[in-house]
Amino acid sequence: IYIMNRVSNVVFSVGYYGPHILFITSILMVVGTGLNDPLLLAKQILLLMSWNGMNVWLNGALKKLIKQPRPRNMIKINEQDKEHSHQYGMPSGHAQLAANNLVFIAFLFRNHTITAIATIQTILTIYQRYSFRMHSASQLLAGTTIGGVSGYALYTLYKQMTQKTNREKTQNTT
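Counting from 1, residues in each chain are numbered in the order their sequence is written. The predicted nature of this model means local features are confined to residues of pLDDT at least 70 and side-chain atom pairs, given and counted, to a pLDDT of 80 or more, with totals for whole chains, interfaces and linings taken over all residues. The basis for every side-chain value is the complete set of heavy atoms in the structure, and neither hydrogens nor water enter the calculation.

### Examining the overall build of the protein
Part 1: What counts as a helix is a DSSP run of H or I of at least four residues, what counts as a strand is a run of E of at least two, and both are numbered from the N terminus. Looking only at helices and strands, the protein has 7 helices and 0 strands in total.
Part 2: Scanning the protein from its N terminus toward the C terminus, one meets helices and strands in the order α-α-α-α-α-α-α.
Part 3: Classification of residues uses two cut-offs on accessible area relative to the type maximum, computed with a 1.4 Å probe and protein chains only: under 20% is buried, over 50% is exposed, and between them is partly exposed. Sorting the 174 residues of the protein into buried and exposed places 40% on the buried side.
Part 4: Across the protein, 16 positive and 5 negative side-chain charges occur, with their mean positions spaced 8 Å apart. Only four residue types enter the tally: Lys and Arg on the positive side, Asp and Glu on the negative side; His and the chain ends are excluded. Just so you know, the charge point we use is NZ for Lys, CZ for Arg, CG for Asp and CD for Glu.

Here it is in structure tokens:
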């Protein structure tokens, strides 16, 4: 029983920190592919950081606008959860940020293994938020949907910025 409890605690912690794990994964993967152009890499990282920050802001604004409470009898996983549990629950910020980074990773890198791992991470995040009653199913679905749309928009903007920079470099060398 002790081992099962420890494994559950690790799984739930990995789920809780899913948005952070996926964001760091996105950054590291971009760094791994962009080392030959430091200026472009800096722009790409700044875009990722700004976009994730915008998602945090958007989530807070939507919660204040919608004002849907969280489910009753929440289980708080840590001190940060205790602090944020007084805020509204619609949409789920964890689901929104995890889905945003999952969709970005999936479309940009198109690697089945990495996408599968990122999908599992996102599912763990959603499962943790639901099983601890921090969000209802509808709050998680709304967060996931907003995050998915946001992740695709990030991918599109990222590709456009990268292509524009590469075109400019090509024009400057000819």
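Structure shown, so let's carry the discussion forward.
### Notes on the environment of T33
Part 1: Looking at where T33 falls in the secondary structure, it is placed in helix 2 (residues 18–33).
Part 2: A relative accessible area of 54% places T33 in the exposed class.
Part 3: The spatial distance from the C-alpha of T33 to the C-alpha of Y17 is 25 Å, given a sequence separation of 16 residues.
Part 4: We call two N or O atoms a polar contact when they sit within 3.5 Å, provided that within protein one can donate a hydrogen and the other can accept it, with sequence-adjacent residues counted only if both atoms are side-chain atoms. Side-chain polar atoms of T33 contact the backbone oxygen of V30, separated by 3.0 Å.

### Observations concerning the confidence of the model for the protein
Part 1: pLDDT expresses, on a scale from 0 to 100, how confident the predictor is about each individual residue. Across the protein, the average pLDDT comes to 88, with 93% of residues at 70 or higher.
Part 2: Element-level pLDDT for the protein is lowest in helix 4 (residues 79–84), with a mean of 68, against a maximum mean of 96 in helix 5 (residues 93–109).

### Some thoughts on the packing of aromatic side chains
Part 1: Planes of paired rings set the category: under 30 degrees apart is stacked, over 60 is edge-to-face and the rest tilted, where pairs are Phe, Tyr or Trp rings (Trp by its six-membered ring) whose centres lie within 6.5 Å. The full count for this structure, using the stated rule, is 5 aromatic pairs.
Part 2: On the numbers, 5.0 Å between centres and 75° between planes, the contact of F107 with Y152 is edge-to-face. Taken as a pair, F107 in helix 5 and Y152 in helix 7 (residues 137–173) lie far apart in primary sequence, 45 residues in all.
Part 3: The exposure class of Y152 is partly exposed, given its relative accessible area of 41%.

### Some details on the nonpolar core
Part 1: Side-chain atoms within 4.5 Å link the members of a nonpolar core, which is a set of buried Ala, Val, Leu, Ile, Met, Phe, Trp, Tyr and Cys residues. By size, the foremost hydrophobic cluster in this structure holds 18 residues, and its most contacted members are V30, L48, F104, L108, F109, L154 and Y158.
Part 2: Contributions of two or more residues to this core are made by helix 2, helix 3 (38–66), helix 5 and helix 7.
Part 3: Considering each element in turn, this core owes the most residues, 6 residues, to helix 5.
Part 4: Leave out the neighbours within four places in its chain, and F104 touches S26, V30, L48, G151, L154, Y155 and Y158. The contact rule is simple, with two residues in contact once any of their heavy atoms fall within 4.5 Å.

### With respect to the side chain of S26
Part 1: Residue position: S26 is located in helix 2.
Part 2: When near neighbours in sequence (up to four residues on either side) are disregarded, S26 contacts L48, N101, F104 and I105.

### A few points about the packing of helix 2 against helix 6 (residues 112–131)
Part 1: Following both chains from N to C, one finds helix 2 and helix 6 inclined at 160°, their axes separated by 9 Å at the closest point. With respect to each other, helix 2 and helix 6 are oriented roughly antiparallel. Between helix 2 and helix 6 the crossing geometry is left-handed. On helix 6, the residues that touch G18, P19, I21, L22 and M29 of helix 2 are I114, A118, Q121, T122 and T125. Helix axes are fitted only over the stretch in contact, all axes being lines through C-alpha atoms; the angle between N-to-C directions runs from 0 to 180 degrees. Every angle not falling under 35 degrees, over 145, or within 65 to 115 is termed oblique; those three ranges are roughly parallel, roughly antiparallel and roughly perpendicular. Take the far helix as your reference; a near helix turned counterclockwise from it by less than a right angle gives a left-handed crossing, and one turned clockwise gives a right-handed crossing.

### Digging into the environment of A116
Part 1: Looking at the secondary structure, you find A116 in helix 6.
Part 2: Overall, A116 belongs to the partly exposed group, its relative accessible area being 38%.
Part 3: Each C-alpha atom, one on A116 and one on L157, is 23 Å from the other, the two residues being 41 residues apart in sequence.

### Focus: helix 3
Part 1: Multiply 1.5 Å by the residue count of a helix minus one, and that product is the helix's expected span. In this model, helix 3 (29 residues) spans 42 Å end to end at C-alpha, consistent with the 42 Å of a helix rising 1.5 Å per residue.
Part 2: Every buried residue belonging to helix 3 is among L40, L41, Q44, L47, L48, W51, N52, N55, N59, L62 and K63, and all of these are buried.
Part 3: Where helix 3 ends, the next residue or the one after it, K67, has phi of about 60°, a positive value.

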